[in-house]
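Notes for the structure review
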Amino acid sequence: MFQAKIKADILKKMIDIVSPLVNEVKINVTPAGMSLRAVDPAHVAMVDLSIGASAFEEYKADETEIGIDLDKLASVMKLASSGDTVEMELDDVSNRLIIRIGNLTRKIGLIDTTGMTEPKVPNLNLPAKITVKASELLQGVKASESISDHIALTATEDAFELFAEGDTDTVNLKLPKDLLIELNAPEKCRSLFSVEYLSSMIKPVKGDQPLTIYLGNDNPIKLEFDFADKNARAIYLLAPRIESE
Amino acid sequence: MFQAKIKADILKKMIDIVSPLVNEVKINVTPAGMSLRAVDPAHVAMVDLSIGASAFEEYKADETEIGIDLDKLASVMKLASSGDTVEMELDDVSNRLIIRIGNLTRKIGLIDTTGMTEPKVPNLNLPAKITVKASELLQGVKASESISDHIALTATEDAFELFAEGDTDTVNLKLPKDLLIELNAPEKCRSLFSVEYLSSMIKPVKGDQPLTIYLGNDNPIKLEFDFADKNARAIYLLAPRIESE
Amino acid sequence: MFQAKIKADILKKMIDIVSPLVNEVKINVTPAGMSLRAVDPAHVAMVDLSIGASAFEEYKADETEIGIDLDKLASVMKLASSGDTVEMELDDVSNRLIIRIGNLTRKIGLIDTTGMTEPKVPNLNLPAKITVKASELLQGVKASESISDHIALTATEDAFELFAEGDTDTVNLKLPKDLLIELNAPEKCRSLFSVEYLSSMIKPVKGDQPLTIYLGNDNPIKLEFDFADKNARAIYLLAPRIESE
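Residues numbered from 1 in each chain as written. Chains lettered and ligands numbered in written order. Predicted model: local features only at pLDDT ≥ 70, side-chain atom pairs only at ≥ 80, totals over all residues.

Things to note about the overall build of chain A
Note the threshold: What counts as a helix is a DSSP run of H or I of at least four residues, what counts as a strand is a run of E of at least two, and both are numbered from the N terminus. Here the globule rule is a power law, 2.2 Å times the number of residues to the power 0.38, and the radius of gyration is based on C-alpha atoms. Counts of 20 or more other C-beta atoms within 10 Å of a residue's own C-beta define buried residues, counts of 12 or fewer define exposed ones, and intermediate counts define partly exposed ones; C-beta atoms are placed from the backbone. What counts as a contact is two residues whose backbone-derived C-beta atoms lie within 7 Å of each other.
Helix and strand counts for chain A come out as four helices and 18 strands. Taken against the 2.2 N^0.38 rule, which gives 18 Å for 245 residues, the C-alpha radius of gyration of chain A at 19 Å falls within 12% of a compact globule. A principal-axis box enclosing the C-alpha atoms of chain A has dimensions of 60 × 35 × 30 Å. Out of the 245 residues in chain A, the part that is buried amounts to 39%. For chain A, long-range pairs separated by at least 24 residues make up 69% of all intrachain contacts whose partners lie at least 6 apart in sequence.

Observations regarding the confidence of the model for chain A
Put simply, the rule reads: Per-residue confidence from the predictor is given as pLDDT, running between 0 and 100.
Model confidence for chain A is summarised by a mean pLDDT of 96, while 99% of its residues fall at 70 or above. What the predictor reports for the complex is a pTM of 0.92 with an ipTM of 0.89.

A look at the domain arrangement of chain A
Residues and elements named next belong to chain A. Selection rule: Annotation comment: domain bounds sourced from an automatic or database domain assignment. Classification convention: Asp, Glu, Lys, Arg as charged; Ala, Val, Leu, Ile, Met, Phe, Trp, Tyr, Cys, Pro as nonpolar; all other residues, Gly among them, as polar.
Taken domain by domain, chain A consists of domain 1 (2–30 + 53–109) and domain 2 (128–238). Put simply, the middle of domain 1 and the middle of domain 2, counted by C-alpha atoms, are 30 Å apart. On the domain 2 side, the residues contacting the seven residues of domain 1 number seven residues. The residue makeup of the side of domain 1 that touches domain 2, split by class, is four nonpolar, one polar and two charged.

Description of the interface of chain A and chain B
A common way to report how large an interface is uses the accessible area buried once the components associate. Definition in use: We call two strands paired when DSSP finds no fewer than two bridges between them.
Taken together, the contact between chain A and chain B spans nine residues of the former and 14 residues of the latter. Considering every element that reaches the side of chain A that touches chain B, the biggest residue donor is strand S9 (residues 104–109) of chain A, with six residues. Counted by class, the side of chain A that touches chain B contains three nonpolar, four polar and two charged residues. Relative to strand S13 (residues 170–176) of chain B, S9 of chain A is paired through four bridges, and the arrangement is antiparallel. By the bridge assignment for S13 of chain B, Thr-105 of chain A is matched with Asn-172 of chain B.

Remarks on the relation of the copies chain A and chain B
Put simply, the rule is: Alignment of the copies relies on least squares applied to C-alpha atoms, considering only residues that score at least 70 for pLDDT in both.
For the pair chain A and chain B, the relating rotation is 120°, the translation along its axis is 0.1 Å, and the fit reaches an RMSD of 0.0 Å. Seen this way, the second copy is the image of the first under a three-fold rotation axis. Residues of chain A ranked by C-alpha distance from the rotation axis are headed by Ser-82 of chain A, positioned 16 Å from it.

Description of the pairing of strand S7 (residues 85–91) of chain A
All names here are of chain A. Side chains of S7 alternate between two faces, with Val-86, Met-88 and Leu-90 buried and Thr-85, Glu-87, Glu-89 and Asp-91 left unburied. With five bridges joining them, strand S1 (residues 2–7) and S7 adopt antiparallel strand pairing. Residue pairing across strands places Gln-3 opposite Glu-89, the latter belonging to S7. Bridging between S7 and strand S8 (residues 96–101) involves six bridges; their strand directions are antiparallel. Residue pairing for S8: Met-88 is matched across the bridge by Ile-99. Counting the residues between successive antiparallel strands, the hairpin from S7 to S8 contains four residues, one of them, Asn-95, with a positive phi of roughly 55°.

A word on the sheet that holds strand S11 (residues 150–155) of chain A
Using the following cut-off: Angles run from 0 to 180 degrees between N-to-C directions of axes, and those axes are lines fitted to C-alpha atoms, restricted for helices to the stretch in contact.
Across the sheet, nine strands lie side by side as S15(A)-S11(A)-S12(A)-S13(A)-S9(C)-S8(C)-S7(C)-S1(C)-S5(C); this open sheet has antiparallel pairing. Whereas interior strands pair on both sides, the edge strands pair on one side only; in this sheet they are strand S15 (189–194) of chain A together with strand S5 (58–61) of chain C. On average, each strand axis in the sheet is tilted by 20° relative to the strand beside it, whichever way the strands run.

Focus on the sheet that holds strand S18 (residues 232–238) of chain C
All names here are of chain C. With antiparallel pairing, the nine strands of this open sheet are ordered in space as S6-S2-S3-S4-S18-S17-S16-S10-S14. Of all the strands in the sheet, the pair left with one neighbour each is strand S6 (64–69) and strand S14 (182–184). When strand polarity is set aside, the average angle formed by the axes of neighbouring strands in this sheet is 20°. Relative to S18, strand S17 (residues 221–227) is paired through seven bridges, and the arrangement is antiparallel. Each residue of the ladder has a partner; that of Phe-227, found in S18, is Ala-232. Packed on one face of the sheet, helix H1 (residues 8–18) meets strand S2 (24–30), strand S3 (33–39), strand S4 (45–52), S17 and S18 and runs near 165° to S4. Seen against the sheet, helix H3 (residues 134–145) touches strand S10 (128–133) and strand S16 (210–215) and runs at an angle of roughly 95° to S10.

Details of the interface of chain C and chain B
The interface is formed by 14 residues belonging to chain C together with nine residues belonging to chain B. Those elements giving two or more residues to the side of chain C that touches chain B turn out to be H3 and strand S13 (170–176) of chain C. Looking at the side of chain C that touches chain B, the element that brings in the most residues is S13 of chain C, giving six residues. Looking at the side of chain C that touches chain B, its residues break down into five nonpolar, six polar and three charged.

With respect to the environment of Gly-83 of chain A
Turning to its location among the elements, Gly-83 of chain A is positioned in the loop between helix H2 (70–77) and S7. Along the chain, Gly-83 of chain A and Asp-9 of chain A lie 74 residues apart, while their C-alpha atoms are 6.9 Å from each other.

Looking at unusual backbone geometry
One non-glycine residue with positive phi stands out, namely Lys-230 of chain A, at about 65°. On the secondary structure map, Lys-230 of chain A appears in the loop between strand S17 (221–227) and strand S18 (232–238). You will see that Asp-218 of chain C, though not glycine, has its phi angle at about 45°, which is positive.

Dropping the structure here:
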């Protein structure tokens, strides 16, 4: 059983966060809320998202799984205006998700979740923690897109830095401690990442919203941010690129 | 003789209404106003449009015909800003329509109307009449676009309903009587239509503007709406799709 | 040595003005300001642009040359918001231009200016001078785009006129003296020009900004306008089309 009402904007945000990595997802539903964990086809990035029951205007659920095509869900959500409330209901008999927006009822056929395994979150050694306004970081990543396909992120005691290098050009974004919301780097940490993945992971965090980064040495990066008034949370993991490439 | 001044927005609206169905049209000009009737190349839909002399700021005309390429007229109207007044004058000698927008004079070569016959409006038995806000109907039609190429419209004593069905998905828009501006259905009426045509026929009616629908059983649908402060009127007819398809 | 601070909007305007004609330019830097002169690959049009030292918020420079790819500069300037100030610095050692926008540092590899010769401004006999709002002229040029690839400009004592002719259609824009900011035509002048080039030369002048035209008989046209509060100036020259074509 699953029956819920939620602001359209929260569902749209969920789609923005997950769809750059995967199209078909298995959503785990429990009385405590909805969550999903998925890895992109290239096995380079993982998304771990949870929307607590408190993010919903109404929420009733047993434990169940909903396999859904996010492109389909996105096309339905385009029919909802900002501020609209959306009703969702699982129809176990016909195996469809019923979505109601105003007077419109849309039934979406669900996908089979049998083959969809839950990816495991690896154990990571990420000594540095940086909290930054998403817009600051996005500017550096965008600047890098035209000159390289990878980007180095470095955290020291005093600053968080982004560096990209092309044949003749370079990009450097240096954010000293006083421009960061938080910086905690007991040792110097530096890892290299794909510009494209990093860009698609920062874009869902809008404007001045804070984004927390966990960084290690030649280790995956972990990006974390809240939405829906802190009732929902997204975590991205992104594998590092090897320096010698 | 034809000489007239009109708000650019009214001419633009005329183009928006007619051009989804046909590009080349014969406009009938009389002292009472301008009108045109045309059928799309697939003979599935008809548009019947009239702009009364009272919709014009100035209007002087004998009976005459103007054959015009709407793409060309549309490219001229792009030069006019919202609120601009446009002057039109027929030059019989050179067989051109002279259009003046501010200090700009644009002469458009007319097309030969000899072969362009006037389509006849068929006799139709359409017992149900429904008046609805265009935006409400458009949401249902847009929702259907991604799952099916046809759509069923049903009117009963109590409600007006839209239904579309794909392989696994459905769309249902139910508008009970109290959400409609008018509903008059002495018997249940139901017909099936092309989503694509229906969509292009609702789009010219903006936002909350009322749209009147005449519906029968496996019969064409008639859509009617006013513009230019009720001094102009558009009627669409759309042939039904056969249910067994 | 070259070190300067300037409003991002002024640099963006420079790119808008020059990039329709050429991508790679040699910028001449002197203590008095920056300037460049370039001819398009077809040798039909020339741009001559100068930004005085007074247009900059800070400006320190010896005589030097900077060879730059405008596409690259444009991609960097997209990172600056309207109102942002941009710092530029020439790094002679690495042969790069260092651009700072906020905390972001972007180094652009310069291009070799050895083979880039300075085009000479030809002596022209252009008796007529017309100053017009750019938007008025742009409307006439836009209207011509769909019907012809060339356009005739005529100045008389009383009016400035634009005329284009297609197979069946014509465009005429007539601006009498009282609608012009200035008109000084001691004799009738008329020349023919490419619509495409003319269009790309008027577009950088926004809205109601004045544009000064120097016109002769079957002679190039000279277009001149200021920007950056009259601290910068752009001149375009465009070769005429031969009438008999």
